[in-house]
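Here is how the chains run, residue by residue.
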Amino acid sequence: MALKTATSGMWMTDDCKKSFMEMKWKKVHRYVVYKIEEKSRKVTVDKVGAAGESYDDLAASLPEDDCRYAVFDFDYVTVDNCRMSKIFFITWSPEASRIREKMMYATSKSGLRRVLDGVHYELQATDPTEMGFDKIQDRAK
(Lines give C-alpha, C1' and ligand atoms only; values in the text may rest on other atoms or scores of the structure.)
Protein backbone atom coordinates (compact mmCIF):
# COMPACT_ATOMS: atom_id res chain seq x y z
CA MET A 1 0.00 0.00 0.00
CA ALA A 2 1.35 3.42 -0.92
CA LEU A 3 0.88 6.61 1.09
CA LYS A 4 -0.33 9.78 -0.62
CA THR A 5 0.91 13.26 0.22
CA ALA A 6 -1.86 15.82 0.21
CA THR A 7 0.24 18.75 -0.94
CA SER A 8 1.64 17.38 -4.18
CA GLY A 9 -0.50 14.38 -5.03
CA MET A 10 2.60 12.16 -4.97
CA TRP A 11 2.43 8.61 -3.70
CA MET A 12 5.14 7.10 -1.55
CA THR A 13 5.84 3.40 -1.91
CA ASP A 14 5.92 1.20 1.17
CA ASP A 15 9.65 0.71 0.57
CA CYS A 16 10.24 4.38 1.46
CA LYS A 17 9.14 3.98 5.06
CA LYS A 18 10.40 0.40 5.39
CA SER A 19 13.96 1.34 4.33
CA PHE A 20 13.92 4.33 6.65
CA MET A 21 12.77 2.24 9.62
CA GLU A 22 15.44 -0.39 8.91
CA MET A 23 18.04 2.39 8.93
CA LYS A 24 16.66 4.03 12.06
CA TRP A 25 16.00 0.98 14.26
CA LYS A 26 17.95 -1.96 12.89
CA LYS A 27 20.97 0.05 11.68
CA VAL A 28 21.28 -2.11 8.55
CA HIS A 29 21.61 0.95 6.27
CA ARG A 30 23.78 4.05 6.57
CA TYR A 31 21.65 6.06 4.17
CA VAL A 32 18.65 5.88 1.86
CA VAL A 33 18.26 7.91 -1.36
CA TYR A 34 14.77 8.59 -2.71
CA LYS A 35 13.66 9.75 -6.14
CA ILE A 36 10.39 10.80 -7.73
CA GLU A 37 9.15 8.71 -10.63
CA GLU A 38 7.59 11.48 -12.70
CA LYS A 39 5.30 9.30 -14.84
CA SER A 40 3.83 7.24 -12.01
CA ARG A 41 3.90 10.17 -9.54
CA LYS A 42 5.55 8.01 -6.87
CA VAL A 43 8.42 8.58 -4.48
CA THR A 44 10.56 5.44 -4.57
CA VAL A 45 13.81 4.19 -3.06
CA ASP A 46 16.67 4.90 -5.48
CA LYS A 47 19.62 3.55 -3.48
CA VAL A 48 20.31 2.11 -0.07
CA GLY A 49 23.76 2.41 1.48
CA ALA A 50 25.02 -0.53 3.52
CA ALA A 51 25.87 -0.02 7.19
CA GLY A 52 29.60 0.12 6.37
CA GLU A 53 29.28 2.91 3.81
CA SER A 54 30.23 6.51 4.57
CA TYR A 55 28.87 9.99 4.01
CA ASP A 56 31.22 10.31 1.03
CA ASP A 57 29.50 7.29 -0.54
CA LEU A 58 26.15 9.04 -0.14
CA ALA A 59 27.47 12.25 -1.70
CA ALA A 60 28.96 10.29 -4.61
CA SER A 61 25.65 8.50 -5.25
CA LEU A 62 23.74 11.75 -5.85
CA PRO A 63 23.43 12.63 -9.56
CA GLU A 64 24.86 15.89 -10.88
CA ASP A 65 21.76 16.82 -12.88
CA ASP A 66 18.80 15.23 -11.05
CA CYS A 67 17.12 16.04 -7.76
CA ARG A 68 16.92 13.52 -4.93
CA TYR A 69 15.97 13.22 -1.27
CA ALA A 70 18.26 11.39 1.11
CA VAL A 71 18.33 10.41 4.77
CA PHE A 72 21.65 9.80 6.48
CA ASP A 73 22.28 8.19 9.87
CA PHE A 74 25.19 10.08 11.44
CA ASP A 75 26.88 8.31 14.35
CA TYR A 76 29.27 10.22 16.59
CA VAL A 77 30.77 10.28 20.07
CA THR A 78 30.10 13.24 22.39
CA VAL A 79 32.69 14.96 24.58
CA ASP A 80 31.32 12.85 27.47
CA ASN A 81 32.24 9.72 25.46
CA CYS A 82 28.61 8.79 24.71
CA ARG A 83 27.68 7.20 21.38
CA MET A 84 24.95 9.22 19.65
CA SER A 85 23.08 9.02 16.36
CA LYS A 86 21.27 11.78 14.47
CA ILE A 87 19.28 11.39 11.28
CA PHE A 88 19.60 14.02 8.57
CA PHE A 89 17.07 14.65 5.80
CA ILE A 90 18.82 16.08 2.73
CA THR A 91 17.11 17.70 -0.23
CA TRP A 92 19.48 17.54 -3.21
CA SER A 93 18.48 19.99 -5.94
CA PRO A 94 21.50 20.72 -8.17
CA GLU A 95 21.50 23.78 -10.40
CA ALA A 96 21.82 21.58 -13.50
CA SER A 97 18.44 19.91 -12.85
CA ARG A 98 15.27 20.97 -14.66
CA ILE A 99 13.03 23.67 -13.15
CA ARG A 100 9.98 21.37 -13.26
CA GLU A 101 11.88 18.72 -11.34
CA LYS A 102 13.02 21.22 -8.70
CA MET A 103 9.43 22.35 -8.21
CA MET A 104 8.18 18.75 -7.91
CA TYR A 105 10.75 17.96 -5.24
CA ALA A 106 10.04 21.18 -3.34
CA THR A 107 6.28 20.54 -3.19
CA SER A 108 6.63 16.86 -2.25
CA LYS A 109 9.22 17.33 0.49
CA SER A 110 6.87 18.00 3.41
CA GLY A 111 4.79 14.89 2.69
CA LEU A 112 7.84 12.64 2.68
CA ARG A 113 9.17 14.29 5.84
CA ARG A 114 5.89 13.54 7.64
CA VAL A 115 6.18 9.86 6.73
CA LEU A 116 9.82 9.65 7.84
CA ASP A 117 9.25 10.17 11.54
CA GLY A 118 12.41 10.67 13.58
CA VAL A 119 14.49 13.00 11.42
CA HIS A 120 16.55 15.36 13.59
CA TYR A 121 17.99 17.83 11.09
CA GLU A 122 17.27 19.00 7.58
CA LEU A 123 19.75 20.16 4.95
CA GLN A 124 19.12 21.63 1.52
CA ALA A 125 21.89 21.60 -1.08
CA THR A 126 22.38 22.70 -4.68
CA ASP A 127 26.06 21.74 -4.89
CA PRO A 128 28.37 19.40 -2.93
CA THR A 129 29.93 22.20 -0.86
CA GLU A 130 26.54 22.96 0.73
CA MET A 131 26.30 19.42 2.09
CA GLY A 132 29.89 18.72 3.08
CA PHE A 133 30.62 16.39 5.98
CA ASP A 134 31.73 19.38 8.04
CA LYS A 135 28.17 20.79 7.80
CA ILE A 136 26.78 17.51 9.14
CA GLN A 137 29.24 17.49 12.03
CA ASP A 138 28.52 21.13 12.94
CA ARG A 139 24.75 20.62 12.97
CA ALA A 140 24.86 17.43 15.05
CA LYS A 141 26.90 18.84 17.92
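The protein chain is annotated in an unreviewed UniProt entry as ADF-H domain-containing protein of Arabidopsis arenosa. If you open the UniProt record of the protein chain and go to Subcellular location (unreviewed entry), you find "Cytoplasm, Cytoskeleton". For the protein chain, the Sequence similarities (unreviewed entry) comment in UniProt is given as "Belongs to the actin-binding proteins ADF family."

### Observations concerning the confidence of the model for the protein chain
Within the protein chain, residue pLDDT values average 91, and 94% of them lie at 70 or more. Between the elements of the protein chain, mean pLDDT differs from a low of 54, seen in strand β1 (residues 3-4), to a high of 97, seen in strand β3 (residues 29-37).

### Comments concerning the pattern of salt bridges
Under the definition given, this model contains 11 salt bridges. Between E38 and R100 there is a salt bridge, with its nearest N and O atoms 2.7 Å apart. Here the residue E38 occupies a position in the loop between β3 and β4 (42-50), and R100 occupies one in helix α3 (residues 99-115), the gap between them amounting to 62 residues.

### Notes on the packing of aromatic side chains
In the structure shown here, the tally under the stated rule is eight aromatic pairs. Seen in terms of ring centroids, Y55 and F72 are 4.9 Å apart; in terms of plane orientation they differ by 70°. Their pairing is edge-to-face. Here F72 lies in strand β5 (residues 68-77) and Y55 lies in helix α2 (residues 55-61), a separation of 17 residues in the sequence. The exposure class of F72 is buried, given its relative accessible area of 3%. When the ring centre of F89 is taken as reference, the NZ or CZ atom of R113 above it lies at 5.7 Å.

### Regarding the side chain of K109
Of note, K109 is situated in helix α3. With relative accessibility at 18%, the residue K109 sits in the buried group. Here the side chain of K109 touches E122 through a polar contact of 2.7 Å, side chain to side chain. When sequence neighbours within four positions are dropped, the list of residues in contact with K109 reads Y69, F89, T91, E122 and Q124.

### Looking at the pairing of β3
For a regular strand, side-chain orientation follows a simple rule: the groups alternate between the two sheet faces. Among the nine residues of β3, seven are classified as buried, and the element is accordingly described as predominantly covered. Relative to β4, β3 runs antiparallel, the two being bridged by eight bridges. For Y31, the partnering residue across the bridge sits in β4 and is G49. Here β3 pairs with β5 via four bridges, running antiparallel. Counted as the bridge partner of Y31 is F72 from β5.

Calculation criteria
Residues numbered from 1 in each chain as written. Predicted model: local features only at pLDDT ≥ 70, side-chain atom pairs only at ≥ 80, totals over all residues. Heavy atoms only, no water. UniProt positions renumbered as here; feature names shortened; annotations may be inferred. pLDDT = per-residue confidence, 0-100. Helix = DSSP H or I, 4+ residues; strand = E, 2+ residues; numbered from the N terminus. Salt bridge = Lys/Arg side-chain N within 4 Å of Asp/Glu carboxyl O. Phe/Tyr/Trp six-rings, centres within 6.5 Å; stacked < 30°, edge-to-face > 60°. Buried < 20%, exposed > 50% of the residue type's maximum accessible area, 1.4 Å probe, protein only. Lys NZ or Arg CZ within 6 Å of the ring centre and 35° of its normal. Polar contact = N/O pair within 3.5 Å; in protein donor to acceptor, adjacent residues only side chain to side chain. Contact = heavy atoms within 4.5 Å. Pairing = 2+ DSSP bridges.

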